[in-house]
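Coordinate inspection notes
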Amino acid sequence: MKYMLLIWNRPGFVEELSEQERTALFGEVDEIMRELTESGELVGGQALADPSQARTVRLAGDRPEVTDGPFMESKEQFAGYLLVDCDSPERAAEIAARWPDVRRGFGALEVRAVMDEAGTDG
């Protein structure tokens, strides 16, 4: 079953880390990605550009309106994702729990099952 692990963190936290802390953080990410690749569980994933480059489209009256940024009422913003194919939601949560943003308190990962083409979880 495929799961989307949505990465939420506080923008700018990486710049607040020392070079040694950044190296360690990215090393942890690289290790998890290597393990998931070797196990065949990694389907894909990407980091997203800074939220300042985002645009939000909402209905304003009777037509869509485009505004700058996400402007959410939250300290954490959507920063990227992993798509994994694993045996259970517990395994997907286990992968998410290892992510350094979670372990170090910089953010959270949301674990969501991916719907198959028939519109059901799978």
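Residues numbered from 1 in each chain as written. Predicted model: local features only at pLDDT ≥ 70, side-chain atom pairs only at ≥ 80, totals over all residues. Heavy atoms only, no water.

Moving on, we come to the overall build of the chain. Across its full length, the chain carries 3 helices and 6 strands. Listed by position from the N terminus, the elements making up the chain come as β-α-β-β-β-β-α-α-β. Along the three orthogonal principal directions, the C-alpha set of the chain runs to about 50 × 45 × 20 Å. Scored against the burial criterion, the 122 residues of the chain give a buried share of 28%. Expressed as a percentage of contacts within the chain between residues at least 6 apart in sequence, the contacts between residues at least 24 apart total 71%. Entry remark: accessible area of the chain is about 8000 Å², with carbon and sulfur atoms responsible for 51%. Across the chain, 13 positive and 25 negative side-chain charges occur, with their mean positions spaced 4 Å apart. (Helix = DSSP H or I, 4+ residues; strand = E, 2+ residues; numbered from the N terminus. Buried < 20%, exposed > 50% of the residue type's maximum accessible area, 1.4 Å probe, protein only. Contact = heavy atoms within 4.5 Å. Areas by Shrake-Rupley, 256 points an atom, 1.4 Å probe, with all protein chains shown as cover. Lys, Arg positive; Asp, Glu negative; His and termini not counted. Charge placed at Lys NZ, Arg CZ, Asp CG, Glu CD.)

Before going further, it helps to examine the layout of surface pockets. Computed from the structure, the largest pocket encloses a volume of approximately 540 Å³. Lining the largest pocket are 27 residues, and of these Asn9, Phe13, Ala47, Ala79 and Asp101 sit closest to its centre. Sorting the residues of the lining of the largest pocket by element identifies strand 1 (2-9), helix 1 (19-39), strand 2 (42-47) and strand 5 (77-85) as the ones contributing at least two each. Considering every element that reaches the lining of the largest pocket, the biggest residue donor is strand 5, with 6 residues. When the residues that make up the lining of the largest pocket are grouped by side-chain class, the tally is 17 nonpolar, 6 polar and 4 charged. (1 Å grid on protein atoms, 1.4 Å probe; cavity = no way out; pocket = protein on both sides within 12 Å on 5 of 7 lines; lining within 4 Å. Points joined across faces, edges and corners; volume = space filled by probe spheres on them. Nonpolar A, V, L, I, M, F, W, Y, C, P; charged D, E, K, R; others polar.)

Time to look at the sheet that holds strand 2. In space, the 4 strands of this open sheet follow the order 2-5-1-6, with antiparallel pairing throughout. Both edges of this open sheet fall to strand 2 and strand 6 (107-113), since each of them pairs with a single strand only. On average, adjacent strands in this sheet sit at an angle of 20 degrees to one another, irrespective of strand direction. Both strand 2 and strand 5 contribute to a ladder of 5 bridges, which runs antiparallel. The residue of strand 5 that forms the bridge with Gly44 is Leu83. (Pairing = 2+ DSSP bridges. Axes fitted to C-alpha atoms, helices over the stretch in contact; angles between N-to-C directions.)

Turning our eyes to something else, we now look at helix 2 (residues 89-98). Inspection of helix 2 places Ala92, Ile95 and Ala96 among the buried residues, and these make up the whole buried set. Along the long axis of helix 2, the arc covered by the buried residues comes to 100 degrees, so they all point the same way. Along its buried surface, helix 2 packs onto strand 1, helix 1, strand 5, helix 3 (100-103) and strand 6. (Arc of directions from axis to C-beta.)

The next thing to look at is the nonpolar core. Membership of the largest hydrophobic core comes to 15 residues, with the highest contact counts inside it found for Tyr3, Leu5, Val84, Trp99 and Leu109. Mapped by element, the contributors of at least two residues to this core are strand 1, helix 1, strand 5 and helix 2. Excluding anything up to four places from it in sequence, Leu5 contacts Gly80, Tyr81, Leu82, Val84, Ala92, Ile95, Ala96, Leu109, Glu110 and Val111. The next biggest cluster of nonpolar side chains, apart from the first, holds 5 residues, and it includes Val14, Leu17, Leu25 and Phe106. (Core = buried A, V, L, I, M, F, W, Y, C linked by side-chain atoms within 4.5 Å.)

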